[in-house]
Amino acid sequence: MIAQVWAVRHGVETGASLRFAALSQGMRAAGAPATLVELATRASADEIRHAAHCADILRSRRRDVPPPETRLLFFGPRDLSAEQRLTYEVVAQSCISETESMATLVTLLDAASDAHLKIVLQELARDEVQHARLGWAYLAWAKDRLDLSFLSGFLPAMAAAATGDDLFQHGPPEADDPALLSAGVVPKRDRRRIYLETLHSVVIPGFEEFRIDTGPLRRWAEDRRRVVDALES
Ligand SMILES: [Fe+2]
Ligand SMILES: [Fe+2]
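Note that the structure is a prediction, hence the values are computed from the model and not measured. What you see as residue numbers is a count from 1 along each chain, following the sequence as written. Working convention: letters from A go to chains and numbers from 1 go to ligands, in the order in which they are written. In keeping with the model being predicted, local features are shown solely for residues with a pLDDT of at least 70 and side-chain atom pairs are shown and tallied solely at 80 or more, while totals for entire chains, interfaces and linings include all residues. Calculated side-chain values reflect all of the structure's heavy atoms, with hydrogen atoms and water omitted.

Description of the domain arrangement of the protein
Bear in mind that the domain bounds are from an automatic or database domain assignment. You can read the domains of the protein as domain 1 (1–66) and domain 2 (94–233). Look at where the C-alpha atoms of domain 1 and domain 2 centre, and you get two points 17 Å apart. Buried surface area refers to the total accessible area, computed with a probe of radius 1.4 Å, that the two partners give up upon joining, counted for both partners together. For the pairing of domain 1 and domain 2, the buried interface totals around 1,900 Å² over both sides, and the portion due to carbon and sulfur atoms is 70%. Definition used for salt bridges: Asp or Glu carboxyl oxygen within 4 Å of a side-chain nitrogen of Lys or Arg. Across the pair Arg 49 and Glu 123 runs a salt bridge whose closest N-O atoms are separated by 2.3 Å. Throughout this description, a polar contact denotes any pair of N or O atoms lying within 3.5 Å of each other; where both atoms belong to protein, one of them has to be capable of donating a hydrogen while the other can accept it, and for residues adjacent in sequence the pair is counted only when both atoms sit in side chains. The interface formed by domain 1 and domain 2 includes 9 residue pairs in polar contact (both at pLDDT 80 or more). Counting from the N terminus, the helices are DSSP H or I runs at least four residues long and the strands are E runs at least two residues long. Within the residue set of the side of domain 1 that touches domain 2, elements represented by two or more residues are α1 (2–29) and α2 (34–60). Per-element tally for the side of domain 1 that touches domain 2: the top contributor is α2, with 10 residues. Gly is placed with the polar residues, together with every amino acid not listed as nonpolar (Ala, Val, Leu, Ile, Met, Phe, Trp, Tyr, Cys and Pro) or charged (Asp, Glu, Lys and Arg). Its residues placed into classes, the side of domain 1 that touches domain 2 shows 14 nonpolar, 3 polar and 6 charged.

Written as structure tokens, this is what we have:
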């Protein structure tokens, strides 16, 4: 269970590295400030380092390291303009995924007792803060060039994609084992709670600062809340 989570993370990190490299190129092509382009380039390098930490942890557990993700996965609809698509991908990756991952890491950091794991988690959390910041800084630049209201209807799909496949589905009881925390894995039940809390406390207010209508995202979060209540009753 624990090794499997670190193996999945290895794939997530390598995939994120590819995406940040592409976002950096896209931002450069769109004429974004050099600081944003560089932040994205650095994020791409950070994710490679994160993947290497996942690989180390897998090896220390005598598990195979899966091959890196080689596909550049973007999720934005094809019929958006080039600038809208870039904005879609930056928002999905940085404002949503990285913000959520930061929240998970902070929880893990609090629980980690192993010294090496703590150092790794500290590094990851520190980097993810920057990766999330990139998204909000990008929006601050983009808002004067592009009408951001198109994002509103897409936010639920982005939030759903960022949860992974099965967060809001039934899992085996061992996925809820509190003992997972000390091995760097948040029990699923807690992960759901953290996910929704972070949406409400960070992600939704972040979009509202840019006057993006968060009604659809709020409704999605409400639906998930009901799913969680049903799962846990
Ligand atoms: Fe990462
Ligand atoms: Fe990241």
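Here we look at the packing of α1 against α2
Here an angle of 0 to 180 degrees is reported between the N-to-C directions of two axes, which are lines fitted to C-alpha atoms, with helices fitted over the stretch in contact. Direction vectors running N to C along α1 and α2 enclose 165 degrees, while the axes themselves pass 8 Å from each other. Considering their axes alone, α1 and α2 lie roughly antiparallel with respect to each other. By crossing handedness, the relation of α1 to α2 is classed as left-handed. Taken together, the residues that form the contact of α1 with α2 break down as 17 nonpolar, 7 polar and 4 charged. Roughly parallel here means an angle under 35 degrees, roughly antiparallel means over 145, roughly perpendicular means 65 to 115, and every remaining angle is called oblique. Handedness of each helix crossing follows the sense of rotation of the near helix against the far helix: counterclockwise by less than a right angle gives left-handed, clockwise gives right-handed.

Observations concerning the pattern of salt bridges
Taken as a whole and judged by the stated rule, the model has 16 salt bridges. In this structure, Arg 192 engages Glu 232 in a salt bridge whose closest nitrogen and oxygen atoms are separated by 3.5 Å. Placement of the pair is Arg 192 in helix α6 (residues 188–209) and Glu 232 in helix α7 (residues 215–232), with a sequence separation of 40 residues. The buried label goes to any residue with under 20% of its type's maximum accessible area, the exposed label to any with over 50%, and the partly exposed label to all in between, with areas taken from a 1.4 Å probe on protein chains only. A relative accessible area of 32% places Glu 232 in the partly exposed class. Salt-bridge contacts for Glu 208 lead to Arg 218; the nearest nitrogen and oxygen are separated by 3.0 Å. Separated by 10 residues along the polypeptide, Glu 208 in helix α6 and Arg 218 in helix α7 bring together distant segments of the chain. Residue class for Arg 218 comes out partly exposed when judged on its relative accessible area of 36%.

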